[in-house]
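Chain and residue survey
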Amino acid sequence: MNKISGIRVGVDGVQRDVSSICCFLVNAVESEIRSRLNAAISALSAKDASIATYIRDNLNSILSSNVMDLKKWADFFDAKYPNKFRRKNKKRWRQTNIGKVITLAFNYDRYRENILVEVAKQLNVKTCPYCNMHYTLYANEVKKKSVEKLARFQFDHFFDKKRYPMLSMSFYNLIPSCSVCNQGKSTGQLALEYNPYYSDINSLFHFRLTDPLGPYIAARINDEVEVALNPESGVSIIGLEQYAQMFHLKALYGRHGDIVQEVYDKAYEDPYYENPSNFSFLSGKAPVYLKRLWLGNYTEPEEIEKRPMAKFMQDMWRQAKGDQ
């Protein structure tokens, strides 16, 4: 749920800023996409050819535009060419001819297997920026004659790739995500505040147990608990509710009553663990490290990306300590 920005440390240990990773992607795909558009234009009708030509002439901007400019591109195509790339047939959306041509030209499905693997490695986003519940790691194991993929990431298209096929390879439209969130969001559209390249989603709200006395009563709380997402000051309640519903966050986090109980129990015993003299065997370790050992997760907001459930556990800790 941290903003994907600044300097990233890739899987290879090399530091890169996000803009240079964007440049890597654009440089890797731009000429090929342009060539495929050129090849397709001559076979299209005059009107469709003019659309493909316009996309070709603005290709670099489309591929590299920041989140705000991507929104402008989406609005432009909605206004200029409404339902031009897909049409609804009964209850299902189907791509038009020009939609299929643009989809093939941008070739997302093939790039997902090679170029975008390298992009994911350079970004090295460890947990899903939408939910912070699942890992988004890419891992493989080199064998004698092959490479076996052990864990596969997914990219969510913040602006739906079927509605906007020309944005399917735009860097800031590609959100590393877990399969649950990618499927949950599907073709849905969120407010820009929930694009991880645009803002820190974790700063927009905090998780809150609706029954904070539950962990203190004699009967231990059940596996299921009721969790709310409370907006921070100035945050749209409607936008937050749409985000929570799209990714089913209340239902998913509500299944972790055991974690809530542990966090509350640890908060109750915290004074002992705040005394460094009780941990002399860990001499030299910073207090924040001791707190991480005790909580069982990262304790600072800027570290949420490093491990699943960090946001949830931090918020439960603050509520247990009376800081919310």
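Data block above holds the structure.
Residues numbered from 1 in each chain as written. Predicted model: local features only at pLDDT ≥ 70, side-chain atom pairs only at ≥ 80, totals over all residues. Heavy atoms only, no water.

1. Considering the packing of helix α1 (residues 18–41) against helix α7 (residues 115–123)
For clarity, the threshold we go by: Structural elements are reduced to axes, namely lines fitted to C-alpha atoms, with helices fitted over the stretch in contact, and the angle between N-to-C directions of any two is expressed from 0 to 180 degrees. Put simply, DSSP marks the helices as runs of H or I at least four residues long and the strands as runs of E at least two long, and each gets a number from the N terminus on. The labels follow the angle: roughly parallel below 35 degrees, roughly antiparallel above 145, roughly perpendicular from 65 to 115, and oblique for the rest. Contact definition: two residues touch when any of their heavy atoms are within 4.5 Å. In this classification, Asp, Glu, Lys and Arg are treated as charged, Ala, Val, Leu, Ile, Met, Phe, Trp, Tyr, Cys and Pro as nonpolar, and every other residue, Gly included, as polar.
Viewed as axis vectors pointing N to C, α1 and α7 meet at an angle of 170 degrees, and their least axial separation amounts to 10 Å. Relative to α7, α1 is oriented roughly antiparallel. Contacts between α1 and α7 pair Ile 21, Phe 24, Leu 25, Ala 28 and Val 29 from the former with Ile 115, Leu 116, Glu 118, Val 119, Gln 122 and Leu 123 from the latter. In terms of residue class, the contact of α1 with α7 is made up of nine nonpolar, one polar and one charged.

2. Topic: the side chain of Lys 185
Stated precisely, the cut-off is as follows: In protein, a polar contact requires one atom able to donate a hydrogen and another able to accept it; more generally it is a pair of N or O atoms within 3.5 Å, and residues adjacent in sequence count only if both atoms are side-chain atoms.
Mapping Lys 185 onto the fold places it in helix α8 (residues 179–185). A distance of 3.0 Å separates a polar side-chain atom of Lys 185 from the backbone oxygen of His 157. Residues contacting Lys 185, with those up to four places away along its chain left out, are Tyr 130, Asp 156, His 157, Phe 158, Leu 190, Met 246 and Phe 247.

3. So, the layout of surface pockets
Put simply, the rule reads: The way it works is a 1 Å grid over only the protein atoms, where trapped points that fit a 1.4 Å probe form a cavity and open points with protein on both sides within 12 Å along at least five of seven lines form a pocket, and then any residue with an atom within 4 Å of a point lines it. Grid points are joined across faces, edges and corners, and a volume is the space filled by probe spheres set on the points.
Estimates place the volume of the second largest pocket at around 310 Å³. In terms of lining residues, the second largest pocket is bounded by 13 residues, among which Ile 7, Arg 8, Val 9, Glu 305 and Lys 306 are the most central. Broken down by class, the residue content of the lining of the second largest pocket amounts to two nonpolar, three polar and eight charged.

4. A word on a positive patch on the surface
Worth spelling out the cut-off: What makes a patch is a set of residues exposed beyond 30% relative accessible area and free of salt bridges, joined within 9 Å when like-charged and within 5 Å when nonpolar (Val, Leu, Ile, Met, Phe, Trp, Tyr). In short, Shrake-Rupley with a 1.4 Å probe defines the accessible areas, and a residue's cover is counted only from the protein chains shown. Within this document, salt bridges are pairs made up of a side-chain nitrogen of Lys or Arg and a carboxyl oxygen of Asp or Glu, the two lying within 4 Å of each other. Charge counting follows a simple rule: Lys and Arg are positive, Asp and Glu are negative, and His as well as the terminal groups are ignored. Lysine's charge is taken at NZ, arginine's at CZ, aspartate's at CG and glutamate's at CD.
On the surface, Arg 92, Arg 94, Lys 100, Lys 161 and Lys 162 cluster together into a patch of positive charge. Secondary-structure assignment places Lys 162 in the loop between β7 (154–157) and β8 (174–177).

5. Focus on the environment of Tyr 172
What counts, and what does not: Working definition: with a 1.4 Å probe on protein chains only, accessible area under 20% of the residue-type maximum means buried, over 50% means exposed, and in between means partly exposed.
Its place among the elements puts Tyr 172 in the loop between β7 and β8. Take Tyr 172: its relative accessible area is 14%, and that puts it in the buried class. Between the alpha carbons of Tyr 172 and Leu 70 there is a distance of 7.9 Å; along the sequence they are 102 residues apart. In this view, Tyr 172 contacts Val 18, Ser 19, Cys 22, Ser 64, Ser 65, Asn 66, Val 67, Leu 70, Asn 195 and Tyr 197; residues no more than four positions away in its chain are not counted.

Treat this as a map of the structure, not an account of what it does.
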